[in-house]
Structure formats: structure tokens, C-alpha cells
Amino acid sequence: MNNHIEKLKNEIEQERSRLLSHPVYHNISDLESLQKFTETHVFAVWDFMSLLKSLQIALTSVSIPWMPVGSAETRYLINEIVLGEECDVDEDGNRMSHFELYLKSMHQMGANTKPIYGLIKSILAGKPIRDAIVQSSLHTNVEQFLNYTFEIAENAPPHVKASVFTFGREDLIPSMFMKFLEKMHSEYPDKVSTFKYYIERHIEVDGDHHSHLAINMVSELCGDDESKWNEAAAAAKKALKMRYLLWDAIVSN
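Residues numbered from 1 in each chain as written. Predicted model: local features only at pLDDT ≥ 70, side-chain atom pairs only at ≥ 80, totals over all residues. Heavy atoms only, no water.

### Overview of the nonpolar core
Using the following cut-off: As used here, the term nonpolar core means buried Ala, Val, Leu, Ile, Met, Phe, Trp, Tyr and Cys residues forming a set that is joined through side-chain atoms within 4.5 Å. The cut-offs for exposure are 20% and 50% of the maximum accessible area for each residue type, with area from a 1.4 Å probe on protein chains only; residues under the lower value are buried, those over the upper are exposed, and the others partly exposed. Going along the chain from the N terminus, every DSSP run of H or I of four or more residues is numbered as a helix, and every run of E of two or more is numbered as a strand.
In this structure, Leu34, Trp46, Phe99, Leu146, Phe165, Phe195 and Met217 are the most contacted members of the largest nonpolar core, which totals 85 residues. Considering every element that reaches this core, the biggest residue donor is helix α3 (residues 31-59), with 14 residues.

### Overview of α3
Turn by turn, an α-helix covers 3.6 residues, leaving residues three or four places apart pointing in a common direction. How we decide: A helix's residues, less one, multiplied by 1.5 Å, set its expected span. Throughout, bend refers to the angle between the axes fitted to the seven residues that end at a position and the seven residues that start at it.
Spanning 29 residues, α3 covers 41 Å between terminal C-alpha atoms, matching the ideal 42 Å at 1.5 Å per step. Thr40 marks where α3 bends most, by close to 35°. Extensive coverage of α3 is indicated by the burial of 22 of its 29 residues.

### Here's the deal with the pattern of salt bridges
Using the following cut-off: Each reported salt bridge corresponds to a side-chain nitrogen of Lys or Arg within 4 Å of a carboxyl oxygen of Asp or Glu.
Using the criterion set out here, one finds 12 salt bridges in the structure. Residue Lys104 pairs with Asp92 through a salt bridge whose shortest N-O separation is 3.8 Å. Linking Lys104 in helix α5 (residues 98-109) with Asp92 in the loop between β1 (88-89) and β2 (95-96), this pair joins segments that are 12 residues apart in sequence. Each of the salt bridges in this network shares a partner with another, and the network as a whole consists of Asp90, Glu91, Asp92 and Lys104.

Following this line, the structure appears as C-alpha cells:
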């Protein structure tokens, strides 16, 4: 593996390990606590898509007339990831984005989707994203998390966006969480089957194929520029801290 990638991973390992040991995973013990988890986590599933699309905008041509942008390699990498995230399949083979699949799982388990739909409704009505976030009366930590994502999506250079996307927004899924999910599925198959499928699909697609594509994208964008690699590591580290704040919001509810 690229020495720069190894160095970046080492630099963020402490924050990554801290996140993996967050109390939130121990607090999910029944259907009600799983519902509460998804009611906050859904914001991370949603804003992840905006971060993804900001990369596609930066690395490909999305306007008319079309013109070639950057290298064909980075165009391929980001478009391949977008395809999987926007147009995957649910457990019945129906095309949908991972965000729509997550919402489907929330509906099945009876989780409250009003906050996330309320935020989307405000944005569709024309409110600027930050005004919509404030007016949604979300937990302060959720606000901070979303604001950092959109600061990166709107203003960061491509190599920083790619690093946050690749290393700062990976969903860490401890083995104990998967054991709990297996138990919950055996008790409530009609409530959590879609969520279980979402997690398994996430591990299969995002954790394997997409992670390799994303790492290659970071390498392409940073090249041999040490300053870019330093900026990439700092942004990823902060993104992991933001995710920790998001988990704190779930525990405090």
C-alpha cells in the first residue's frame, strides 16, 4: 500500500479507535434503542450523499457543454462510487440509494423519520442549508456534525473532500453490534430485516469495493504533495471527532 496512505492511517488511528469504543454501541440493546440510534444516524447517511456529490462535481463535468475534467482515473473512481451509492438495490432487487434504503429500514422498525423529512422539506422549499439545519431544532452536536460536512462539501479542495469521505466518514461497525443485530433479527424479523440488509450491504459494498476505490482516489488527488497529505490527515481526523460528537448526541437522548 502507498506509504502516504499508511502514514495517514497511523495519524488518525487514535481517533478511529476512540470512535470504535464509543459507548453508543453498548447502549443499543433493544428495538427502542435501535430506533433512537437510527433517528440520529440517518443524518449522517443523508449528508454523506452531499459530500459524495460535491466530489463528483469537483472531479467530473456536470454542466453543459461537457468538457473533460481532471484525469480519467479519478473520474472513473468517483463515478463508480456514485453509481453504487445512488442506485443500489434493496433486498427485493428494487433500485434505490443507500439513503432511501435506510429510510425504508426506519419505516419498517417504526423509527421517527419526521426530523429528517422536516429538514429535507425545508431545503426543498428553498431554505439555505444552514438555515434549514438551525430551524430543524436538532441536537447541538448534530448541527455541528452537519455544518462541518457542508463546510467541507462547499469549500474544501478535492483532496480534502476525498480524505474526509474516505477516512473520516467510514462507518465503524464493531462485531458486538453485528451480534446484537443478529439477535434482534431473530426476535423481530419483521422489524429489522431491512436494517440488517442495509448493514450487510454497507459492509459488502462500502467496506470493500468502495473503500478501495476511495483510497485510490485520495492517492490520485494528493500525489506526492506532502502538504496535501497533511491537510488530508487533519481533515479526516476532525471528521472522526465530529462523528464522535454525533454518537454523543445519541447517548445523551
